[in-house]
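Listed here are the chains, written in short residue letters.
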Amino acid sequence: KGHELKLEAEQVALIKKMGVSVTDDSSKYDWDSTGTGPKVAASIKAIYFGKADFSQDAKEGKICGLILDKTSFYAIAGGQVWDVGHIETPSGKFEVTEVTVAAGYVLHVGTVRSGTIAVGETCLAEVDYERRALIAKNHTA
């Protein structure tokens, strides 16, 4: 991987200090094994560039991590592969290539593909459900 954006105890403490609540990821279970599922309406709560670097926005071409108030993305966990997909705001589009979780905060890692993404914006989180369905078939007998 060309980047390693991870939330450790130090970053979790900073996120809590910013007043950000943990991510509601309960909608990750709302999907159909044929490869369809909903886009989730959410809002961007934090943008993370690594170490102690949090920002109010991220411009096109930037690799960063987004924390949303809610998400349908699976994070990597105990052999479970993370989801990929897109997060779209009124002013930009973000490609999600990795998803991790720490202390309840789901970090969507990827690249701003167009425009600018900003804290406080509403967004639509869209998982690649076809990919998830293929992975799920490999994990169940």
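In what follows, the accompanying structure is described.

**Here we look at the overall build of the protein**
Here comes step 1: If you tally the helices and strands in the protein, you get two helices and eight strands.
Here comes step 2: Listing the helices and strands of the protein from first to last along the sequence gives α-β-β-β-β-β-β-β-β-α.
Here comes step 3: Considering only C-alpha atoms, the protein reaches an extent of 45 × 30 × 30 Å along its principal axes.
Here comes step 4: Classification of the 141 residues of the protein by burial places 43% in the buried group.
Here comes step 5: Counting only contacts in the protein whose residues sit at least 6 apart along the sequence, the fraction spanning at least 24 positions is 70%.
Here comes step 6: Accessible area for the protein stands at about 7,200 Å²; split by element, carbon and sulfur atoms hold 51% of it.
Here comes step 7: With 16 positive and 19 negative side-chain charges, the protein shows a separation of 3 Å between the mean positions of the two kinds.

**Things to note about the side chain of Ser 43**
Here comes step 1: Inspection of the secondary structure assignment puts Ser 43 in strand E1 (residues 40–50).
Here comes step 2: Its relative accessible area of 13% is what places Ser 43 among the buried residues.
Here comes step 3: For Ser 43, the residues in contact, after removing those within four places along its chain, are Ile 67, Leu 68, Asp 69, Glu 121, Thr 122 and Cys 123.

**As for the environment of Val 81**
Here comes step 1: Along the chain, the position of Val 81 falls in the loop between strand E4 (63–68) and strand E5 (85–89).
Here comes step 2: Sequence separation between Val 81 and Arg 132 is 51 residues; the distance between their C-alpha atoms is 8.7 Å.

**Observations concerning the state of the cysteines**
Here comes step 1: Summed over the entire model, instances satisfying the criterion amount to zero disulfides.
Here comes step 2: Here Cys 64 is not disulfide-linked; the sulfur of Cys 123 is the nearest cysteine sulfur, at 12 Å.
Here comes step 3: With relative accessibility at 0%, the residue Cys 64 sits in the buried group.

**Notes on the packing of aromatic side chains**
Here comes step 1: The tally for this structure, following the rule as stated, stands at two aromatic pairs.
Here comes step 2: The interplanar angle of 85° and the centroid separation of 6.3 Å between the aromatic rings of Tyr 29 and Tyr 74 together place this pair among those described as edge-to-face. One end of the pair, Tyr 29, is in the loop between helix H1 (9–17) and E1; the other, Tyr 74, is in the loop between E4 and E5, with 45 residues separating them in the sequence.
Here comes step 3: Under the relative-accessibility criterion, Tyr 29 is labelled exposed at 55%.
Here comes step 4: A centroid spacing of 4.9 Å and a plane angle of 35° characterise the contact between Tyr 48 and Phe 54, whose relative ring orientation is tilted. Each member of the pair, Tyr 48 together with Phe 54, is buried.

**Re the side chain of Gln 11**
Here comes step 1: Topologically, Gln 11 is positioned in helix H1.
Here comes step 2: Engagement of the side chain of Gln 11 in a polar contact is seen with the backbone nitrogen of Glu 8, the distance being 2.8 Å.
Here comes step 3: For Gln 11, the residues in contact, after removing those within four places along its chain, are Lys 6, Tyr 48, Lys 51 and Phe 54.

**Some remarks on the pattern of salt bridges**
Side chains carrying opposite charge are able to pair once their charged atoms draw close together.
Here comes step 1: Summed over all chains, the structure comprises seven salt bridges.
Here comes step 2: Note that Lys 93 is salt-bridged to Glu 88, the shortest N-O span being 4.0 Å.
Here comes step 3: For Glu 88, a relative accessible area of 40% corresponds to the partly exposed category.

Conventions and cut-offs
Residues numbered from 1 in each chain as written. Predicted model: local features only at pLDDT ≥ 70, side-chain atom pairs only at ≥ 80, totals over all residues. Heavy atoms only, no water. Helix = DSSP H or I, 4+ residues; strand = E, 2+ residues; numbered from the N terminus. Buried < 20%, exposed > 50% of the residue type's maximum accessible area, 1.4 Å probe, protein only. Contact = heavy atoms within 4.5 Å. Areas by Shrake-Rupley, 256 points an atom, 1.4 Å probe, with all protein chains shown as cover. Lys, Arg positive; Asp, Glu negative; His and termini not counted. Charge placed at Lys NZ, Arg CZ, Asp CG, Glu CD. Disulfide = S-S within 2.5 Å. Phe/Tyr/Trp six-rings, centres within 6.5 Å; stacked < 30°, edge-to-face > 60°. Polar contact = N/O pair within 3.5 Å; in protein donor to acceptor, adjacent residues only side chain to side chain. Salt bridge = Lys/Arg side-chain N within 4 Å of Asp/Glu carboxyl O.

On their own, these measurements won't tell you what the molecule is for.
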